[in-house]
Amino acid sequence: MKIWVASANPVKIEASKLGVETFFPDEELHMNGLPVASGVSDQPFGDEETRLGALQRCRHLNTLYPDDLSIGIEGGLEKTAFGMLAFAWVCVARGKNRGLAR
């Protein structure tokens with residue numbers, strides 16, 4: 001299975017590999033990292049900007065490689081009553097099928 005991660009960051013690529021292996025333990029995975037612009041700030045702030053960054057990264061790869069699995073990960077910050085919160089949004093797509101998670 002070919003998998004494209006919208007980043008050259010080895011941590012994001014390895015995290016994606018571990019996640020995909022959980023659902024497809026018997027598949028031979030071919031991981032590829034490709035830097036893709038998110039279209040948002042270098043350090044997104046808030047839920048909406050961070051979600052949009054993951055979605056746009058994933059959409060870009062899915063357009064280039066619709067038959068492969070595309071993964072976009074965006075880390076963001078949000079000010080809360082407990083202080084600053086670090087989190088991430090992840091978008092996974094293949095063709096017209098897509099999922100988002102925070």
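Residues numbered from 1 in each chain as written. Predicted model: local features only at pLDDT ≥ 70, side-chain atom pairs only at ≥ 80, totals over all residues. Heavy atoms only, no water.

A closer look at the overall build of the protein
Let me state the cut-off plainly: We count a stretch as a helix when DSSP gives it H or I for four or more residues in a row; a strand needs E for two or more, and each element gets its number in order from the N terminus. In this treatment the radius of gyration is a C-alpha quantity, and the globule benchmark scales as 2.2 Å times the residue count to the 0.38 power. The contact criterion used throughout is that any non-hydrogen atoms of two residues lie within 4.5 Å. Residue-level accessible areas treat just the shown protein chains as cover; the underlying method is Shrake-Rupley with a 1.4 Å probe.
Scanning the protein from terminus to terminus reveals two helices and five strands. Over its C-alpha trace the protein gives a radius of gyration of 14 Å, about what one expects of a compact globule, namely 13 Å for 102 residues. Projected onto the principal axes, the alpha-carbon positions of the protein cover approximately 45 × 25 × 25 Å. The long-range share in the protein, meaning contacts at least 24 apart out of those at least 6 apart in sequence, stands at 54%. In the form shown here, the protein has an accessible surface area of approximately 6100 Å², with 56% of it arising from carbon and sulfur atoms.

Brief notes about the sheet that holds strand β5 (residues 97-101)
For the record, the criterion: In this description, strands pair whenever DSSP reports at least two bridges between them. The angle between two axes is taken between their N-to-C directions and runs from 0 to 180 degrees, where each axis is a line fitted to C-alpha atoms and a helix contributes only its stretch in contact.
What the five strands build is an open sheet, ordered β2-β1-β3-β4-β5; its pairing is mixed. Two strands close off the open sheet at either side, each with one partner strand: β2 (30-33) and β5. Taking each pair of neighbouring strands and ignoring which way they run, the sheet shows an average axis angle of 20 degrees. Where strand β1 (residues 2-5) lies against strand β3 (residues 69-80), three bridges are found, and the strand directions are parallel. Each bridged residue has a counterpart across the sheet, and for Ile3 the counterpart in β3 is Leu69. Lying on the sheet, helix α1 (residues 10-23) is in contact with β1, β2 and β3; it crosses β3 at an angle near 115 degrees. Across the sheet, helix α2 (residues 47-64) touches β1, β3, β4 (83-94) and β5, and the angle it forms with β3 is around 170 degrees.

Quick look at the environment of Val5
The test is simple: For each residue, the accessible area found with a 1.4 Å probe, counting protein chains only, is set against the maximum for its type, and the residue is called buried under 20%, exposed over 50%, and partly exposed in between.
Within the secondary structure layout, Val5 lies in strand β1. Taking the relative accessible area as the measure of exposure, Val5 reaches 1% and is therefore buried. Considering only alpha carbons, one finds Val5 and Pro35, 30 residues apart in sequence, at a separation of 8.2 Å. Setting aside residues no more than four positions away along its own chain, Val5 makes contact with Lys12, Ile13, Ser16, Met31, Asn32, Gly33, Leu34, Leu61 and Ile71.

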